[in-house]
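Fold and geometry: a report
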Amino acid sequence: MKISQQEVENIAHLARLDVDDDLKETLAGQLSDILDYIDALKDVNVDGVIPASGAAFMNNVLREDRREPSPGPDVTLVNAPERDQDFYMVPRVVK
């Protein structure tokens, strides 16, 4: 699959990257090579191949979901750098 320089410019714009004109041609060729390789993978015969283990084949072990009483502000705020009664104090980020 051939990638044009215009498509490289569009991708760079979406990624908020500033790409030099001479680099666009190189990137277009490299991206084209990558897409050609991926396109070739769809023709590989995988009959009889056992799937590799991975996250998709794992069983997630979860604890039982049960309600418990809150430990309260004395426990939850014990390591707070600053607090005002039962609340965390954080630096102002919006003026």
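All figures in this text were calculated on a predicted structure; none of them were measured in a lab. (Residues numbered from 1 in each chain as written. Predicted model: local features only at pLDDT ≥ 70, side-chain atom pairs only at ≥ 80, totals over all residues. Heavy atoms only, no water.)

1. A short note on the overall build of the protein chain
The helix and strand inventory of the protein chain stands at three helices and two strands. Starting at the N terminus, the α and β elements of the protein chain follow one another as α-α-α-β-β. Here the protein chain has a C-alpha radius of gyration of 27 Å; the compact-globule value for 95 residues is 12 Å, and the former is much larger. In terms of overall dimensions, the protein chain has C-alpha extents of about 65 × 50 × 15 Å along its principal axes. Residues classed as buried in the protein chain amount to 11% of the 95 residues present. Across the protein chain, the fraction of contacts at a sequence separation of at least 24, relative to all contacts at a separation of at least 6, is 26%. Working note: accessible area of the protein chain is about 9400 Å², and carbon and sulfur atoms make up 55% of it. Distance between charge centres in the protein chain, computed from 10 positive and 19 negative side chains, equals 11 Å. (Helix = DSSP H or I, 4+ residues; strand = E, 2+ residues; numbered from the N terminus. Rg over C-alpha atoms; globule rule 2.2 N^0.38 Å. Buried < 20%, exposed > 50% of the residue type's maximum accessible area, 1.4 Å probe, protein only. Contact = heavy atoms within 4.5 Å. Areas by Shrake-Rupley, 256 points an atom, 1.4 Å probe, with all protein chains shown as cover. Lys, Arg positive; Asp, Glu negative; His and termini not counted. Charge placed at Lys NZ, Arg CZ, Asp CG, Glu CD.)

2. Comments concerning a nonpolar patch on the surface
A cluster of nonpolar side chains, Met-1, Ile-11, Leu-31, Ile-34, Leu-35, Tyr-37, Ile-38, Leu-41, Val-44, Val-46 and Val-49, forms an exposed patch at the surface whose accessible area comes to about 1000 Å². Take the nonpolar patch: its biggest share by element is six residues, from helix 2 (residues 21-41). Examined against the element boundaries, Tyr-37 turns out to sit in helix 2. Take Tyr-37: its relative accessible area is 56%, and that puts it in the exposed class. (Patch = residues over 30% accessible without salt bridge, like charges linked within 9 Å, V, L, I, M, F, W, Y side chains within 5 Å. Salt bridge = Lys/Arg side-chain N within 4 Å of Asp/Glu carboxyl O.)

3. Observations concerning the side chain of Ser-32
By the element assignment, Ser-32 lies in helix 2. Its relative accessible area of 6% is what places Ser-32 among the buried residues. Once residues within four sequence positions are removed from consideration, Ser-32 is found in contact with Met-1, Lys-2 and Ile-3.

4. Considerations on the pattern of salt bridges
A side chain with one charge can pair with a side chain of the opposite charge if their charged atoms come near. As enumerated under the stated definition, the model contains five salt bridges in all. Of the charged contacts, one joins Asp-21 and Lys-24 as a salt bridge, the two residues approaching to 3.2 Å between their closest N and O atoms. Of this pair, Asp-21 and Lys-24 are both found in helix 2, three residues apart, which corresponds to roughly one turn of the helix. In this structure Asp-21 comes out as exposed when scored by relative accessible area, which is 58%. Its relative accessible area of 11% is what places Lys-24 among the buried residues. Close ionic contact of Asp-39 with Lys-42 constitutes a salt bridge, the shortest N to O distance being 3.1 Å. Judged by its relative accessible area of 41%, Asp-39 is partly exposed.

5. Here we look at the environment of Thr-26
Note that Thr-26 resides in helix 2. Overall, Thr-26 belongs to the partly exposed group, its relative accessible area being 40%. A C-alpha to C-alpha distance of 9.2 Å links Thr-26 and Gln-5, two positions 21 residues apart in sequence.

6. Some details on the side chain of Lys-24
A polar contact is formed between the side chain of Lys-24 and the side chain of Glu-9, at a distance of 3.2 Å. Setting aside anything within four residues of it in sequence, one finds Lys-24 in contact with Gln-5, Val-8, Glu-9 and Val-19. (Polar contact = N/O pair within 3.5 Å; in protein donor to acceptor, adjacent residues only side chain to side chain.)

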